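Take a look at the letters that make up each chain.
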Amino acid sequence: MTDAAIAVTQSAVEQFTEQYLASIGCSIEKQGGRWAVTVPEGTETELATGQYILRCGDEQSTENEDEEPLHPESSFFQTILEDSSGRCPVGNISIDAGSTDIAIPNWLRTSDVEVSEVDFSPYYDRTALVFLFTLDIETVSDYQTELLRSVAVDVRSEVVLPGLADTLLEKTSLERGTTESDAPRIETSRAEKLIDHVRPTVVEEVRPTINDIHQEASRAADAEVEEYRQMQQQRMEELEETVASLSSRIDELNREINQESGREEHVEVLKKRKGLKSELDEVEAEIEDLRNRREQGFPDKQREIRDRHSIEVVVTPRSMTEVDYESGEAEFELADGSWRESLTVGYGSGVGVTEDVYCENCNQRLSEQNPLRSLSGGLRCSECRGADN
């Protein structure tokens, strides 16, 4: 099943960056994956004037400090995105049957069954919103990761449309995809509601990354807790040595008291012993407190450390594109040797097939992992091919 939130591809990043920089008057000289970008003086942009050397590639390290990496999560692209979103955060584009090819679903594209003919009949005009989100995954202490995701949602049904987000990323250019709109048709309150509706979808799509960062932060917290426990154990051993030393000195003073005959000397030794006993009581009280906190696992310190390593996920909408698309039915004419079958399914222009199709023998859903394999006796998936007819 296609991911609901679509990761922005490297090619889309490069295309968007090139088009945007050109639109604001920057020059670009390309040498393979290395771009020399010049931002002229007077350019209306948040980018500093001068020259940038960009190295294209997902997570690719640069060869020297003067080069800026360019990939979906790079700081340079984030700057480009914020700069462009500030100019035209809302846009509109139409995707109809005439502007896109009919998409063959994965469970049919990887099938041995042949698609001899396909036809799309649009019935309704629909509207969707495609949001571009940045996700900042960070802890208070060490870790920070920035991700970029796109998600599409039908305005009326609130159904997430992964195929449409993918289509828009492939089709949109700066001129077509981010046309400025002073008065978008959708009301702001409705757009905000849809943003809140799809926000959990975006978070779930990057859940594996969040889990990885959480595990790394947890390991760091565990290591810090263990280091603190060892320090407290060392402190307790030092205090116990102090107790032994104080007890030994008190014993010596006790012997002196028994042997001392002069009154003044006797009083002076008693004062010393009283002071040492007071010090001994304080040290033993600290040991008892340490022992109690150790038995409880040092809860206050653990809370402090784990709060410092806790993860915060901030999902920020950067841009919104209003997409007009057509909804209807697609008819696929299928051929498998001498077998023929006509299959009609819900379909949207730019969206793809909008309903699940099931094997007519075992009732399993067809998918990329379980594609259509035969028309013998109806639609049959790869799981039950060869079963009794």
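In this text, all values refer to a predicted model and were calculated from it rather than measured experimentally.

Examining the nonpolar core
Counting residues in hydrophobic clusters, the biggest one holds 21 residues, and the most contacted among them are Leu 129, Phe 131, Phe 133, Ile 186 and Leu 194. Of all the elements in the fold, those that place two or more residues in this core are strand 7 (114–139), strand 8 (144–154), helix 6 (188–205), helix 7 (207–259) and strand 9 (311–336). If one sorts the elements of this core by residue count, helix 6 sits on top with 6 residues. Once you skip the residues sitting within four places of it in the chain, Phe 133 turns out to touch Leu 147, Leu 148, Arg 149, Val 151, Ile 195, Val 198, Val 202, Val 315, Thr 316, Pro 317 and Arg 318. Ranked by size, the runner-up nonpolar core spans 20 residues in total, among them Phe 16, Val 37, Cys 56 and Leu 81.

Here we look at the sheet that holds strand 5 (residues 67–70)
Strand order in the open sheet formed by 4 strands is 2-3-4-5, with mixed pairing between adjacent strands. Looking at which strands have only one partner, the edges of the open sheet turn out to be strand 2 (27–31) and strand 5. Strand-to-strand twist in this sheet, taken as the mean axis angle between neighbours without regard to direction, amounts to 30 degrees. Across 4 bridges, strand 4 (residues 50–56) lies against strand 5 in parallel orientation. Its bridge partner lying in strand 5, Cys 56 is registered against Leu 70.

Re the packing of aromatic side chains
Inspection of every chain in the model, using the stated rule, returns 5 aromatic pairs. For the pair Phe 131 and Phe 133, a centre-to-centre distance of 5.8 Å together with 50 degrees between the ring planes defines the contact as tilted. For the pair formed by Phe 131 and Phe 133, the shared burial category is buried.

A few points about the pattern of salt bridges
Two side chains that carry opposite charge are able to pair once their charged atoms sit near each other. Under the counting rule described, the total for this entry stands at 18 salt bridges. In this structure, the salt-bridge partner of Glu 18 is Lys 30, at a minimum N-O distance of 2.9 Å. Residue Glu 18 is located in helix 1 (residues 10–23), and its partner Lys 30 is located in strand 2; the two are separated by 12 residues in the primary sequence. The partner of Glu 67 in a salt bridge is Arg 34, and the shortest N-O contact between them spans 3.5 Å. With Glu 67 in strand 5 and Arg 34 in strand 3 (residues 34–39), the pair connects residues that are 33 residues apart, well separated along the chain. The partly exposed category is assigned to Arg 34, whose relative accessible area is 29%. Overlapping salt bridges, with partners in common, bring together Glu 224, Lys 301, Glu 304 and Arg 308 in one network.

Some remarks on the pairing of strand 4
Within strand 4, 5 of the 7 residues are buried, leaving the element largely enclosed by the surrounding structure. Bridge count between strand 3 and strand 4: 6 bridges; the pairing is antiparallel. Its bridge partner being in strand 4, Val 37 is matched across the sheet by Tyr 52.

So, unusual backbone geometry
Look at Glu 158: it is not a glycine, yet its phi comes out positive at around 65 degrees. Relative to the helices and strands, Glu 158 is located in the loop between strand 8 and helix 4 (162–171). Of note, Phe 298 is a non-glycine position whose phi angle comes to about 50 degrees, a positive value. You can call Phe 298 buried: its relative accessible area is 6%.

Observations concerning the packing of helix 7 against helix 9 (residues 299–308)
Where helix 7 meets helix 9, the axes come as close as 9 Å, and the angle between the chain directions of the two elements is 150 degrees. Relative to helix 9, the element helix 7 is oriented roughly antiparallel. At the point where helix 7 passes helix 9, the crossing takes the right-handed sense. On the side of helix 7, the interface is formed by Ser 218, Ala 221, Asp 222, Glu 224, Val 225 and Tyr 228, while helix 9 contributes Lys 301, Gln 302, Ile 305, Arg 306 and Arg 308. Across the contact of helix 7 with helix 9, the residue classes tally to 4 nonpolar, 2 polar and 5 charged.

So, the environment of Ser 382
For Ser 382, the location among the structural elements is in the segment after strand 13 (380–381). Classification of Ser 382 as partly exposed rests on a relative accessible area of 27%. At 2.9 Å, the side chain of Ser 382 forms a polar contact with the side chain of Asn 370.

Observations regarding a negative patch on the surface
Side chains of Glu 117, Asp 119, Glu 329, Glu 331, Glu 355 and Asp 356 sit close together on the surface and give a patch of like negative charge. The set of elements that each furnish at least two residues to the negative patch consists of strand 7 and strand 9. Structurally, Glu 117 is set in strand 7.

Topic: the environment of Ile 195
As for its position among the elements, Ile 195 is in helix 6. The spacing of Ile 195 and Val 153 is 42 residues in sequence and 9.2 Å in space, taken between C-alpha atoms. Ignoring sequence-local partners within four residues, the contact set of Ile 195 consists of Phe 131, Phe 133 and Pro 317.

A few points about the confidence of the model for the chain
Put simply, the chain has an average pLDDT of 83, and 87% of its residues get 70 or more. Across the chain, strand 10 (residues 339–348) holds the top mean pLDDT of 93, while helix 5 (residues 174–177) sits lowest at 41.

Structural notes on the pairing of strand 10
Two elements, strand 9 and strand 10, share 10 bridges in a ladder whose sense is antiparallel. When the bridges of strand 10 are listed, Glu 333 appears paired with Ser 342. Linking strand 9 to strand 10, which pair antiparallel, is a turn of 2 residues; within it Gly 337 sits at a positive phi near 65 degrees. Sheet analysis places strand 10 next to strand 11 (residues 352–353), joined by 2 bridges and oriented antiparallel. Along strand 11, the bridge assignment pairs Tyr 347 with Val 353. Where strand 10 hands over to strand 11, the hairpin turn is made up of 3 residues, of which Gly 350 adopts a positive phi near 80 degrees.

Calculation criteria
Residues numbered from 1 in each chain as written. Predicted model: local features only at pLDDT ≥ 70, side-chain atom pairs only at ≥ 80, totals over all residues. Heavy atoms only, no water. Core = buried A, V, L, I, M, F, W, Y, C linked by side-chain atoms within 4.5 Å. Buried < 20%, exposed > 50% of the residue type's maximum accessible area, 1.4 Å probe, protein only. Helix = DSSP H or I, 4+ residues; strand = E, 2+ residues; numbered from the N terminus. Contact = heavy atoms within 4.5 Å. Pairing = 2+ DSSP bridges. Axes fitted to C-alpha atoms, helices over the stretch in contact; angles between N-to-C directions. Phe/Tyr/Trp six-rings, centres within 6.5 Å; stacked < 30°, edge-to-face > 60°. Salt bridge = Lys/Arg side-chain N within 4 Å of Asp/Glu carboxyl O. Parallel < 35°, antiparallel > 145°, perpendicular 65-115°, else oblique. Left-handed = near helix turned anticlockwise from the far one by under 90°. Nonpolar A, V, L, I, M, F, W, Y, C, P; charged D, E, K, R; others polar. Polar contact = N/O pair within 3.5 Å; in protein donor to acceptor, adjacent residues only side chain to side chain. Patch = residues over 30% accessible without salt bridge, like charges linked within 9 Å, V, L, I, M, F, W, Y side chains within 5 Å. Areas by Shrake-Rupley, 256 points an atom, 1.4 Å probe, with all protein chains shown as cover. Lys, Arg positive; Asp, Glu negative; His and termini not counted. Charge placed at Lys NZ, Arg CZ, Asp CG, Glu CD. pLDDT = per-residue confidence, 0-100.

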